[in-house]
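# Observations on the three-dimensional arrangement
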Amino acid sequence: MWKLFIVCIVIHLCSAQFNFPADVDNGDWEPVYRIYEGGEWNSHDDYLSKEKSVRHGNKDDSQFRSWKIDQWHYQNIRKVRVQLFDAGYEVVNFEFDSKMENMTSFFQVTNLKETNYVDILGSTAQGDDFSIDGDGDSRHWTVSSRHVGNCRNDEGWLQVIDKPKPGRDRCVCGYENVDKYPTIMYAKGNRKAKWSNRRSYGHADMMQVSISHVPYKAPPSPTPPNRGPQLQTQLQTQLQQQAQFQPVHNIQNIYGNPFDFL
Ligand SMILES: *[C@@H]1O[C@H](CO)[C@@H](O)[C@H](O)[C@H]1NC(C)=O
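Being a predicted model, the structure only gives us computed values, none of them experimental. (Residues numbered from 1 in each chain as written. Predicted model: local features only at pLDDT ≥ 70, side-chain atom pairs only at ≥ 80, totals over all residues. Heavy atoms only, no water.)

## Some thoughts on the site of the ligand
Note the threshold: Any residue with a non-hydrogen atom lying within 4 Å of a molecule or strand is treated as near it. In this description, accessible areas are obtained by the Shrake-Rupley approach with a 1.4 Å probe, and a residue is regarded as covered only by the protein chains that are shown.
Lining the immediate surroundings of the ligand are N102, T104 and S105. Within the complex, 31% of the 360 Å² of free accessible area of the ligand lies under protein.

## Comments concerning the state of the cysteines
Note the following rule: The criterion for a disulfide is a pair of cysteine sulfur atoms lying within 2.5 Å. The helix count covers DSSP runs of H or I at least four residues long, the strand count covers runs of E at least two residues long, and both are numbered beginning at the N terminus.
All told, the structure shown has one disulfide when counted by the stated rule. At a sulfur-sulfur separation of 2.0 Å, the disulfide partner of C151 is C173. When the S-S torsion is -75°, as for the bridge of C151 with C173, the disulfide is left-handed. Linking C151 in the loop between β8 (139-146) and β9 (155-161) with C173 in the loop between β9 and β10 (183-187), this pair joins segments that are 22 residues apart in sequence.

## A look at the pairing of strand β1 (residues 30-36)
As a reminder of what qualifies: Each residue gets one of three labels from its accessible area relative to the maximum for its type: buried under 20%, exposed over 50%, partly exposed in between, using a 1.4 Å probe on protein chains only. If DSSP finds at least two bridges between two strands, the strands pair.
Counting buried residues along β1, five of its seven residues qualify, which places the element largely inside the surrounding structure. As judged from the six bridges shared by β1 and strand β13 (residues 206-212), these two strands associate in the antiparallel manner. From the neighbouring strand, Y33 faces β13, where its bridge partner is V209.

## What about the nonpolar core?
Put simply, the test is: What we call a nonpolar core is a set of buried Ala, Val, Leu, Ile, Met, Phe, Trp, Tyr and Cys residues that are connected through their side-chain atoms within 4.5 Å.
Core analysis: the largest hydrophobic core is formed by 45 residues, its most contacted members being Y33, Y47, V82, F94, F106, F107 and W141. The set of elements that each furnish at least two residues to this core consists of β1, β4 (79-86), β5 (89-97), β8, β9, β10 and β13.

## As for the packing of aromatic side chains
Worth spelling out the cut-off: Two aromatic rings from Phe, Tyr or Trp, using only the six-membered ring of Trp, form a pair when their centres are within 6.5 Å; if the ring planes differ by under 30 degrees the pair is stacked, by over 60 it is edge-to-face, and anything between is tilted. Only when the NZ of Lys or the CZ of Arg is both within 6 Å of the ring centre and within 35 degrees of the ring normal is a charge said to sit over the ring.
Within the structure shown, the criterion is met by 16 aromatic pairs. Aromatic side chains Y33 and W141 sit 6.5 Å apart centroid to centroid with 15° between the ring planes, which places their arrangement in the stacked category. Residue Y33 is found in strand β1, and its partner W141 is found in strand β8; the two are separated by 108 residues along the sequence. Ring plane angle 90° and centroid distance 5.9 Å describe the contact between F96 and F130, whose orientation is recorded as edge-to-face. Separated by 34 residues along the polypeptide, F96 in strand β5 and F130 in strand β7 (residues 129-131) bring together distant segments of the chain. Considered together, F96 and F130 belong to a single accessibility category, that of buried residues. Taken together through their ring pairs, the aromatic side chains of Y33, W41, Y47, W72, F94, F96, F106, F107, Y117, F130 and W141 make up a single cluster. One cation-aromatic arrangement involves R55 over W67; the distance from NZ or CZ to the ring centre is 4.2 Å. It is K79 that lies over the ring of Y216; its NZ or CZ is 4.9 Å from the centre.

Right, dumping it as structure tokens:
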């Protein structure tokens, strides 16, 4: 009887341990940069430009660049999030660990912690360009899987096309011939898109960069093996054995009492 009692307590403790609710972290996110498709800002140059910065910019949902971007190191920025919205819905999310990074260097695959795309993280083929600078001309915030000579097979997840610089001699891919600047292009769904296939990518209305001062948690220590099922089997066996020797009301007591004790 006492043995069974202990087993019940152990099971109770084990299941308590494995049923903890997920640790909810709202992340303390604060938007610092927001641009709209066709809003005439240069997604790259205006992101870097102190001249666009405002002290209290996030009063409404308009385009803005916070002065905090220029105070990057002093603000102790630990996480950065880049989101795209289409008709009010979030369609793309990239979240980065920004520890020790600056306003541009956070944006790289080795810092990527979360995204809606399932074919970047944990994939061996992580693409040929992951950078805010992009091609150094009109293609920026580039998360490209493949960009090769003939443009037709180019694939990627995100790119913002800005107005080409005057006089720049550039090789323009068909998908870069857009009618408004900037144009915010993203792969629909959760896998990369072929930029020559108009149906596989969408245009976002808005791109927003947010920062957080809350660091990522240290990786959890390895979880102990779950002995719950094993103990449950032991318990069942014991109950069956006891049922053979004891009247029924005792078994009911076994179910009722040990948990009240805790
Ligand atoms: C950010 O860091 C990268 C490399 O670590 C460096 O090349 C770049 O100039 C830095 N940018 C700024 C704005 O400090």
